[in-house]
Number of protein chains: 6
Amino acid sequence: MPYVNIRITREGATAEQKLALIEGATDLLSRVLNKNPATTFVIIDEVETDNWGLNRENITTLRKREADKKAAG
Amino acid sequence: MPYVNIRITREGATAEQKLALIEGATDLLSRVLNKNPATTFVIIDEVETDNWGLNRENITTLRKREADKKAAG
Amino acid sequence: MPYVNIRITREGATAEQKLALIEGATDLLSRVLNKNPATTFVIIDEVETDNWGLNRENITTLRKREADKKAAG
Amino acid sequence: MPYVNIRITREGATAEQKLALIEGATDLLSRVLNKNPATTFVIIDEVETDNWGLNRENITTLRKREADKKAAG
Amino acid sequence: MPYVNIRITREGATAEQKLALIEGATDLLSRVLNKNPATTFVIIDEVETDNWGLNRENITTLRKREADKKAAG
Amino acid sequence: MPYVNIRITREGATAEQKLALIEGATDLLSRVLNKNPATTFVIIDEVETDNWGLNRENITTLRKREADKKAAG
């Protein structure tokens, strides 16, 4: 009966991609620890880029810098 | 000072129902462990049905199958 | 398929008390939102009193002050 | 590589304030435990006031009572 | 920069099995959403069987019943 | 009434250091968002290095590599 919580930034993951995460995480627990898929929960939290910090900045700023670099590229 | 986090799918729980969860969880901790309601936190997270997986599928699909069955009833 | 996470300080809750929390939380979700107990998870985290802060101090200190007061009482 | 999750009620925190939380939490882990900012995650969850309970009531009610008091003041 | 939290019961998962979960979850996020492994966190929480409830009972009881059935088998 | 959850690897943080985290996080929420320390929770989870993955490996391995490098100095 595992519980898997996947937190990602909200940047347009589709329902199909999120289903692939659900399937993949469930299969992983089944394969490695023989856990029963019928009682495996997977919950995906999508977090606004303003609300996620890495290296003392938010992801909004990180993404902007990446886009600027690409445009300058 | 307990912390209770209740995660449910976002399927129309009303403010009244959510208050009933808050009251019920607070009372439970008070009754079983004599915890002080004044420092009992209850946080309810409502999760999109696309983002919640059980048995390798998302709850959107599960709900659709349940509705189809009912309609076919 | 709710998920309930109860976090309390590790101060000697017995298996019976923890079972009462599991039963009570499951019944609460069933009563208020008609959730199925067969897919209701309840996970209890017991946290060391040094690792839990309230009002800028840890619970170890709070408990010591409460005990001192009682002794002085 | 610390992970910091800050949960607050959704009551209008600005991107600037949330960035200040990200910076402050990252600096705190760096200062106290010498943790590397490059692998410090800070995630802020903003929770609806209907979904947050304290002292057996939701924060919507608490805020209304505070506003009423102020108005009566 | 995803964060993956896997919660399982503490029932003897080895360091090798836990590493397989870490690798598998990291690869899953990389494959499905092109997330960078260098900033993918995976945290595994092992929870005592007395502290995990499913279907209104704890996993200690569930495991005992399973073992009894097998012995009776 | 904020809730702050700090997750770090279990590598010998002292009670004093953990108290500094509690004080610092409480002060941060008070300074940035004017939150009341009396209802600010800070919970620190210390996670075994085998149970924390970054970049597809566990922290046990990362720490060993760091120590080897230092020894090879």
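Residues numbered from 1 in each chain as written. Chains lettered and ligands numbered in written order. Predicted model: local features only at pLDDT ≥ 70, side-chain atom pairs only at ≥ 80, totals over all residues. Heavy atoms only, no water.

Enquirer: Outline the overall build of chain A, supporting the account with residue identities and numerical values.
Expert: In terms of helices and strands, chain A carries two helices and four strands. By the compact-globule yardstick of 11 Å for 73 residues, chain A is too spread out, its C-alpha radius of gyration being 16 Å. Along the first, second and third principal axes, the C-alpha atoms of chain A reach 50 × 25 × 20 Å. Residues counted as buried form 53% of the 73 residues belonging to chain A. Distance from the positive charge centre (11 side chains) to the negative charge centre (11 side chains) of chain A: 5 Å. (Helix = DSSP H or I, 4+ residues; strand = E, 2+ residues; numbered from the N terminus. Rg over C-alpha atoms; globule rule 2.2 N^0.38 Å. Buried < 20%, exposed > 50% of the residue type's maximum accessible area, 1.4 Å probe, protein only. Lys, Arg positive; Asp, Glu negative; His and termini not counted. Charge placed at Lys NZ, Arg CZ, Asp CG, Glu CD.)

Enquirer: So, the interface of chain E and chain A: which residues are in play, and what are the values?
Expert: The interface is formed by 27 residues belonging to chain E together with 27 residues belonging to chain A. With both sides pooled, the region where chain E packs onto chain A buries about 2200 Å², and carbon together with sulfur makes up 76% of that total. Here Glu11(E) ties to Lys35(A) by a salt bridge, and the two come within 3.9 Å at their closest N and O atoms. At nine residues, the largest contribution of residues to the side of chain E that touches chain A is made by helix H1 (residues 15–33) of chain E. Class assignment for the residues of the side of chain E that touches chain A results in 18 nonpolar, five polar and four charged. The sheet contact formed by strand E1 (residues 3–9) of chain A and strand E1 (residues 3–9) of chain E spans five bridges and is antiparallel. Paired with Arg7(A) across the bridge in E1(E) is Tyr3(E). (Contact = heavy atoms within 4.5 Å. Buried area = accessible area lost by both parts, 1.4 Å probe. Salt bridge = Lys/Arg side-chain N within 4 Å of Asp/Glu carboxyl O. Nonpolar A, V, L, I, M, F, W, Y, C, P; charged D, E, K, R; others polar. Pairing = 2+ DSSP bridges.)

Enquirer: Give a detailed account of the relation of the copies chain E and chain C, specifying residues and quantitative values.
Expert: By a simple turn and slide, chain E fits onto chain C: the slide is 0.0 Å along the axis, the RMSD is 0.0 Å, and the turn is 120°. When the rotation and shift are considered jointly, the pair of chain copies conforms to a three-fold rotation axis. Scanning chain E for the C-alpha nearest the rotation axis identifies Asp45(E), at a separation of 5.8 Å. (Least-squares fit on C-alpha atoms with pLDDT ≥ 70 in both.)

Enquirer: Which residues make up the arrangement of the chains, and what values go with them?
Expert: Between chain C and chain D there is no contact, and the shortest C-alpha to C-alpha separation is 14 Å. No part of chain B reaches chain E; the closest C-alpha pair between them is 14 Å apart.

Enquirer: Outline the relation of the copies chain E and chain A, supporting the account with residue identities and numerical values.
Expert: With an axial shift of 0.0 Å and an RMSD of 0.0 Å, the rotation relating chain E to chain A amounts to 180°. Taken together, the rotation angle and the small translation identify this as a two-fold axis. If distances are taken from each C-alpha of chain E to the rotation axis, the shortest is found for Asn5(E), at 2.5 Å.

Enquirer: Break down helix H2 (residues 59–72) of chain D for me, with residues and values.
Expert: Relative to the 20 Å expected for 14 residues at 1.5 Å per residue, H2(D) spans 20 Å between its end C-alpha atoms, a close match to the ideal helical length. Structurally, the start of H2(D) carries an N-cap: the backbone nitrogen of Thr60(D) is 3.3 Å from a side-chain oxygen of Asn58(D). (Expected span 1.5 Å × (residues − 1). Polar contact = N/O pair within 3.5 Å; in protein donor to acceptor, adjacent residues only side chain to side chain.)

Enquirer: I'd like to hear about the pairing of strand E2 (residues 41–47) of chain C, residue by residue, with values.
Expert: All names here are of chain C. For E2, the buried fraction is high: seven of the seven residues fall into the buried class. Burial along E2 is two-sided: the face carrying Phe 41, Ile 43, Asp 45 and Val 47 and the face carrying Val 42, Ile 44 and Glu 46 are both buried. Where strand E1 (residues 3–9) meets E2, seven bridges bridge the pair, whose relative direction is parallel. Opposite Ile 8, over in E2, you have Glu 46 as the bridge partner.

Enquirer: Hey, could you go over the packing of helix H1 (residues 15–33) of chain B against helix H1 (residues 15–33) of chain C for me, with residue numbers and the actual values?
Expert: Viewed as axis vectors pointing N to C, H1(B) and H1(C) meet at an angle of 160°, and their least axial separation amounts to 10 Å. By the criterion of interaxial angle, the relationship of H1(B) to H1(C) is roughly antiparallel. In this structure, H1(B) meets H1(C) at a crossing whose hand is right-handed. Between H1(B), through Gln17(B), Ala20(B), Leu21(B), Gly24(B), Ala25(B), Leu28(B), Leu29(B), Val32(B) and Leu33(B), and H1(C), the contact on the second element is made entirely by Gln17(C), Ala20(C), Leu21(C), Gly24(C), Ala25(C), Leu28(C), Leu29(C), Val32(C) and Leu33(C). (Axes fitted to C-alpha atoms, helices over the stretch in contact; angles between N-to-C directions. Parallel < 35°, antiparallel > 145°, perpendicular 65-115°, else oblique. Left-handed = near helix turned anticlockwise from the far one by under 90°.)

Enquirer: Run through the UniProt feature "domain: 4-oxalocrotonate tautomerase-like" (unreviewed entry) in chain A, naming residues and quoting values.
Expert: Per the UniProt annotation, the sites labelled "domain: 4-oxalocrotonate tautomerase-like" (unreviewed entry) are residues 2–56 of chain A. Helix makes up 35% of residues 2–56 of chain A and strand 31%, with an end-to-end C-alpha separation of 32 Å. (UniProt positions renumbered as here; feature names shortened; annotations may be inferred.)

Enquirer: Go over the interface of chain E and chain C with me, naming the residues and quoting the values.
Expert: Contacts between the two partners involve eleven residues from chain E, matched on the other side by 19 residues from chain C. Buried surface at the junction of chain E and chain C, summed over both partners, amounts to about 1300 Å²; 49% is from carbon and sulfur atoms. On the chain E side of the contact with chain C, Arg7(E), Asn51(E) and Arg56(E) bury the most area, a combined 49% of that side's loss. Our enumeration of links across chain E and chain C arrives at two salt bridges. Between Asp27(C) and Arg56(E) there is a salt bridge; the shortest N-O distance is 2.5 Å. Counting every contact that joins chain E to chain C gives nine residue pairs in polar contact (both at pLDDT 80 or more). Breaking the side of chain E that touches chain C down by element, the ones donating at least two residues are strand E3 (52–54) and strand E4 (57–58) of chain E. Class assignment of the residues belonging to the side of chain E that touches chain C gives a composition of three nonpolar, four polar and four charged. Sheet analysis places E2(C) next to E3(E), joined by three bridges and oriented antiparallel. In the strand pairing of E3(E), Val42(C) is matched with Gly53(E).

Enquirer: Any details on helix H1 (residues 15–33) of chain D? Residues and values, ideally.
Expert: Over its 19 residues, H1(D) runs 27 Å from end to end, which matches the ideal 27 Å to within 8%, given 1.5 Å per residue. In the stretch just after H1(D), Asn34(D) is the one whose phi turns positive, near 60°.

Enquirer: Go over the sheet that holds strand E2 (residues 41–47) of chain F, please, and point to the residues and values.
Expert: Ordered in space as E4(A)-E3(A)-E2(D)-E1(D)-E1(F)-E2(F)-E3(C)-E4(C), the eight strands form an open sheet in which the pairing is mixed. A strand with exactly one partner marks an edge of an open sheet, and here the two such strands are strand E4 (57–58) of chain A together with strand E4 (57–58) of chain C.

Enquirer: Kindly report on the sheet that holds strand E4 (residues 57–58) of chain F, identifying the contributing residues and their values.
Expert: On the basis of which strands lie adjacent, the open sheet formed by eight strands has the order E4(B)-E3(B)-E2(A)-E1(A)-E1(E)-E2(E)-E3(F)-E4(F) and mixed pairing. Two strands in the sheet have a free side with no partner beyond their single neighbour: strand E4 (57–58) of chain B together with E4 of chain F.

Enquirer: Any details on the environment of Ala13(A)? Residues and values, ideally.
Expert: Mapped onto the secondary structure, Ala13(A) falls in the loop between E1 and helix H1 (15–33). For Ala13(A), a relative accessible area of 18% gives the class buried. Residues Ala13(A) and Val42(A), spaced 29 residues apart in sequence, show a C-alpha to C-alpha distance of 16 Å. Once residues within four sequence positions are removed from consideration, Ala13(A) is found in contact with Ile8(A), Lys18(A), Glu46(A) and Leu33(E).

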